[in-house]
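Observations on the three-dimensional arrangement
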Amino acid sequence: KQEVTQIPAALSVPEGENLVLNCSFTDSAIYNLQWFRQDPGKGLTSLLLIQSSQREQTSGRLNASLDKSSGRSTLYIAASQPGDSATYLCAVRRPAGNNRKLIWGLGTSLAVNP
Amino acid sequence: NAGVTQTPKFRILKIGQSMTLQCTQDMNHNYMYWYRQDPGMGLKLIYYSVGAGITDKGEVPNGYNVSRSTTEDFPLRLELAAPSQTSVYFCASSWAPPAHQPQHFGDGTRLSIL
(Lines give C-alpha, C1' and ligand atoms only; values in the text may rest on other atoms or scores of the structure.)
Protein backbone atom coordinates (compact mmCIF):
# COMPACT_ATOMS: atom_id res chain seq x y z
CA LYS A 1 0.00 0.00 0.00
CA GLN A 2 1.39 3.37 -1.01
CA GLU A 3 1.88 5.82 1.83
CA VAL A 4 3.23 9.34 1.60
CA THR A 5 4.95 11.02 4.52
CA GLN A 6 6.10 14.60 4.83
CA ILE A 7 8.64 15.68 7.40
CA PRO A 8 8.71 18.02 9.18
CA ALA A 9 5.06 18.74 9.81
CA ALA A 10 5.89 22.37 10.54
CA LEU A 11 8.86 24.59 9.86
CA SER A 12 9.66 28.16 10.82
CA VAL A 13 12.59 29.98 9.22
CA PRO A 14 13.86 33.55 8.93
CA GLU A 15 13.45 35.36 5.65
CA GLY A 16 16.21 34.75 3.12
CA GLU A 17 17.04 31.24 4.23
CA ASN A 18 17.28 28.39 1.75
CA LEU A 19 15.20 25.44 2.85
CA VAL A 20 14.29 21.87 1.96
CA LEU A 21 10.97 20.14 2.42
CA ASN A 22 10.90 16.36 2.36
CA CYS A 23 8.44 13.86 0.97
CA SER A 24 8.86 10.10 1.17
CA PHE A 25 6.77 7.32 -0.32
CA THR A 26 6.73 3.60 0.39
CA ASP A 27 6.21 2.17 -3.12
CA SER A 28 8.70 3.23 -5.78
CA ALA A 29 6.30 2.26 -8.59
CA ILE A 30 4.86 5.70 -9.22
CA TYR A 31 3.70 7.51 -12.34
CA ASN A 32 4.58 10.98 -11.17
CA LEU A 33 4.86 13.17 -8.10
CA GLN A 34 3.44 16.62 -7.60
CA TRP A 35 4.09 19.41 -5.15
CA PHE A 36 1.24 21.73 -4.22
CA ARG A 37 0.92 24.84 -2.13
CA GLN A 38 -2.13 25.54 0.05
CA ASP A 39 -2.76 28.96 1.55
CA PRO A 40 -5.07 29.26 4.58
CA GLY A 41 -8.70 29.18 3.53
CA LYS A 42 -7.76 28.55 -0.07
CA GLY A 43 -7.50 25.65 -2.46
CA LEU A 44 -4.35 24.00 -3.69
CA THR A 45 -2.04 25.42 -6.31
CA SER A 46 0.13 23.07 -8.32
CA LEU A 47 3.80 24.03 -8.09
CA LEU A 48 5.76 21.30 -9.82
CA LEU A 49 5.01 17.96 -11.44
CA ILE A 50 7.82 15.42 -11.90
CA GLN A 51 7.25 12.44 -14.15
CA SER A 52 8.71 9.14 -12.98
CA SER A 53 11.36 9.32 -15.71
CA GLN A 54 12.57 12.73 -14.55
CA ARG A 55 15.00 13.60 -11.80
CA GLU A 56 14.02 17.18 -11.13
CA GLN A 57 11.88 20.13 -12.12
CA THR A 58 12.49 23.82 -11.57
CA SER A 59 10.23 26.84 -11.44
CA GLY A 60 11.70 30.13 -10.34
CA ARG A 61 13.05 29.75 -6.80
CA LEU A 62 11.62 26.26 -6.50
CA ASN A 63 13.39 23.05 -7.38
CA ALA A 64 11.89 19.62 -6.85
CA SER A 65 13.91 16.43 -7.10
CA LEU A 66 12.79 12.83 -7.35
CA ASP A 67 14.65 9.68 -6.37
CA LYS A 68 12.31 6.78 -7.01
CA SER A 69 14.69 4.10 -5.83
CA SER A 70 14.89 5.60 -2.37
CA GLY A 71 11.27 6.73 -2.36
CA ARG A 72 12.07 10.38 -1.80
CA SER A 73 11.37 13.80 -3.19
CA THR A 74 12.59 17.14 -1.94
CA LEU A 75 11.30 20.62 -2.58
CA TYR A 76 14.05 23.21 -2.37
CA ILE A 77 13.04 26.83 -1.85
CA ALA A 78 15.78 29.37 -2.42
CA ALA A 79 15.94 32.72 -0.66
CA SER A 80 12.67 32.23 1.18
CA GLN A 81 10.23 35.13 1.51
CA PRO A 82 7.30 35.78 3.86
CA GLY A 83 5.00 35.21 0.88
CA ASP A 84 6.22 31.61 0.77
CA SER A 85 4.40 30.95 4.05
CA ALA A 86 1.85 28.23 3.33
CA THR A 87 1.33 24.50 3.65
CA TYR A 88 3.19 22.44 1.07
CA LEU A 89 1.71 19.11 0.04
CA CYS A 90 3.20 16.37 -2.04
CA ALA A 91 1.13 13.77 -3.84
CA VAL A 92 2.13 10.61 -5.64
CA ARG A 93 0.21 9.25 -8.59
CA ARG A 94 -0.01 5.52 -8.96
CA PRO A 95 1.06 3.85 -12.18
CA ALA A 96 -1.14 3.77 -15.29
CA GLY A 97 -4.20 1.58 -14.89
CA ASN A 98 -5.29 3.38 -11.78
CA ASN A 99 -3.84 6.71 -12.70
CA ARG A 100 -6.62 8.95 -11.52
CA LYS A 101 -5.76 8.36 -7.90
CA LEU A 102 -3.38 10.62 -6.04
CA ILE A 103 -1.95 9.54 -2.69
CA TRP A 104 -1.45 12.63 -0.56
CA GLY A 105 0.91 13.54 2.22
CA LEU A 106 -0.34 15.58 5.16
CA GLY A 107 1.83 18.56 4.31
CA THR A 108 4.52 20.73 5.82
CA SER A 109 3.33 24.02 7.27
CA LEU A 110 5.96 26.65 6.49
CA ALA A 111 6.28 30.01 8.19
CA VAL A 112 8.85 32.46 6.83
CA ASN A 113 9.43 35.24 9.31
CA PRO A 114 10.42 38.77 8.24
CA ASN B 1 -10.60 33.61 -16.32
CA ALA B 2 -12.18 32.44 -13.04
CA GLY B 3 -10.75 28.89 -13.03
CA VAL B 4 -12.61 26.57 -10.65
CA THR B 5 -15.41 28.19 -8.66
CA GLN B 6 -17.06 26.55 -5.67
CA THR B 7 -20.18 27.68 -3.86
CA PRO B 8 -21.02 28.11 -1.07
CA LYS B 9 -17.78 28.86 0.79
CA PHE B 10 -19.26 27.95 4.17
CA ARG B 11 -22.33 26.06 5.26
CA ILE B 12 -23.77 24.62 8.44
CA LEU B 13 -26.25 21.77 8.12
CA LYS B 14 -28.33 19.83 10.58
CA ILE B 15 -28.10 16.06 10.66
CA GLY B 16 -30.37 14.55 8.03
CA GLN B 17 -30.56 17.64 5.84
CA SER B 18 -29.48 17.55 2.22
CA MET B 19 -27.55 20.00 0.11
CA THR B 20 -25.64 20.38 -3.12
CA LEU B 21 -22.13 21.73 -3.34
CA GLN B 22 -21.66 23.52 -6.61
CA CYS B 23 -18.53 23.42 -8.76
CA THR B 24 -18.02 25.05 -12.13
CA GLN B 25 -14.93 25.54 -14.26
CA ASP B 26 -14.41 27.78 -17.27
CA MET B 27 -11.27 26.15 -18.67
CA ASN B 28 -13.06 23.53 -20.80
CA HIS B 29 -11.43 20.78 -18.78
CA ASN B 30 -12.67 17.26 -19.34
CA TYR B 31 -11.61 15.85 -15.98
CA MET B 32 -13.20 16.97 -12.73
CA TYR B 33 -12.83 15.72 -9.18
CA TRP B 34 -14.27 16.09 -5.71
CA TYR B 35 -12.03 15.71 -2.65
CA ARG B 36 -12.55 16.07 1.04
CA GLN B 37 -9.81 17.24 3.36
CA ASP B 38 -9.87 16.29 7.02
CA PRO B 39 -7.26 17.21 9.66
CA GLY B 40 -4.61 14.55 9.95
CA MET B 41 -6.12 12.52 7.11
CA GLY B 42 -4.94 14.14 3.90
CA LEU B 43 -7.12 14.60 0.85
CA LYS B 44 -9.43 11.78 -0.16
CA LEU B 45 -11.06 11.43 -3.56
CA ILE B 46 -14.86 11.20 -3.39
CA TYR B 47 -15.91 11.10 -7.05
CA TYR B 48 -14.44 12.01 -10.38
CA SER B 49 -15.58 12.51 -13.96
CA VAL B 50 -13.72 12.14 -17.24
CA GLY B 51 -16.30 14.03 -19.26
CA ALA B 52 -19.92 15.06 -19.50
CA GLY B 53 -22.20 12.15 -18.68
CA ILE B 54 -19.43 10.02 -17.15
CA THR B 55 -18.78 9.73 -13.42
CA ASP B 56 -17.03 7.21 -11.22
CA LYS B 57 -16.43 6.55 -7.55
CA GLY B 58 -13.25 7.49 -5.77
CA GLU B 59 -11.98 6.31 -2.39
CA VAL B 60 -14.80 7.56 -0.16
CA PRO B 61 -18.05 7.83 -2.19
CA ASN B 62 -20.53 6.65 0.45
CA GLY B 63 -23.09 9.28 1.37
CA TYR B 64 -22.48 11.34 -1.76
CA ASN B 65 -23.77 11.55 -5.31
CA VAL B 66 -22.58 13.46 -8.36
CA SER B 67 -23.74 14.30 -11.84
CA ARG B 68 -22.01 15.75 -14.89
CA SER B 69 -24.56 17.01 -17.36
CA THR B 70 -22.22 19.64 -18.83
CA THR B 71 -18.46 20.01 -19.22
CA GLU B 72 -18.47 23.03 -16.92
CA ASP B 73 -20.43 21.80 -13.92
CA PHE B 74 -19.84 18.98 -11.45
CA PRO B 75 -22.15 19.27 -8.43
CA LEU B 76 -21.76 17.09 -5.34
CA ARG B 77 -24.89 16.10 -3.46
CA LEU B 78 -25.23 15.08 0.18
CA GLU B 79 -28.59 13.40 0.68
CA LEU B 80 -28.68 12.73 4.43
CA ALA B 81 -26.02 14.79 6.14
CA ALA B 82 -24.11 13.06 8.93
CA PRO B 83 -21.55 14.48 11.38
CA SER B 84 -18.86 12.36 9.69
CA GLN B 85 -19.30 14.51 6.59
CA THR B 86 -18.04 17.60 8.38
CA SER B 87 -15.04 18.51 6.27
CA VAL B 88 -13.57 20.87 3.73
CA TYR B 89 -14.58 19.92 0.21
CA PHE B 90 -12.46 20.75 -2.81
CA CYS B 91 -13.39 20.54 -6.44
CA ALA B 92 -10.62 20.25 -9.03
CA SER B 93 -10.29 19.96 -12.77
CA SER B 94 -7.65 19.10 -15.34
CA TRP B 95 -7.38 19.29 -19.11
CA ALA B 96 -5.66 16.08 -20.04
CA PRO B 97 -5.48 12.77 -18.21
CA PRO B 98 -4.34 13.76 -14.75
CA ALA B 99 -1.18 11.75 -15.05
CA HIS B 100 0.11 14.37 -17.46
CA GLN B 101 -1.43 17.60 -16.27
CA PRO B 102 -1.73 19.14 -12.82
CA GLN B 103 -5.13 19.67 -11.32
CA HIS B 104 -6.60 23.12 -10.73
CA PHE B 105 -8.42 23.50 -7.43
CA GLY B 106 -11.25 25.68 -6.21
CA ASP B 107 -11.06 27.49 -2.87
CA GLY B 108 -13.14 24.90 -1.07
CA THR B 109 -16.45 24.63 0.77
CA ARG B 110 -16.24 24.38 4.56
CA LEU B 111 -19.14 22.24 5.71
CA SER B 112 -20.20 21.57 9.30
CA ILE B 113 -22.88 19.04 10.19
CA LEU B 114 -24.39 19.59 13.64
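None of these values were measured; they are calculated from a predicted model.

**As for the side chain of His29 of chain B**
Residue and element names in this part refer to chain B.
- Positionally, His29 belongs in the loop between β3 (19–25) and β4 (31–38).
- A distance of 2.7 Å separates the side chain of His29 from the side chain of Ser93, its partner in a polar contact.
- What His29 contacts, discounting residues up to four positions off in sequence, is Arg68, Thr71, Ser93, Ser94, Trp95 and His104.

**Description of the sheet that holds strand β7 (residues 62–67) of chain A**
Residue and element names in this part refer to chain A.
- If you trace the 5 strands from one edge of the open sheet to the other, you get β1-β3-β8-β7-β6, paired in antiparallel fashion. If you trace the sheet from one side to the other, it starts and ends with β1 (4–7) and β6 (56–59), each paired once. Mean inter-strand twist for the sheet, computed between neighbouring axes without regard to direction, equals 15°.
- When strand β3 (residues 19–25) meets strand β8 (residues 72–77), the two strands line up antiparallel, connected through 6 bridges. When the bridges of β8 are listed, Cys23 appears paired with Ser73.

So, how was this worked out
Residues numbered from 1 in each chain as written. Chains lettered and ligands numbered in written order. Predicted model: local features only at pLDDT ≥ 70, side-chain atom pairs only at ≥ 80, totals over all residues. Heavy atoms only, no water. Helix = DSSP H or I, 4+ residues; strand = E, 2+ residues; numbered from the N terminus. Polar contact = N/O pair within 3.5 Å; in protein donor to acceptor, adjacent residues only side chain to side chain. Contact = heavy atoms within 4.5 Å. Pairing = 2+ DSSP bridges. Axes fitted to C-alpha atoms, helices over the stretch in contact; angles between N-to-C directions.

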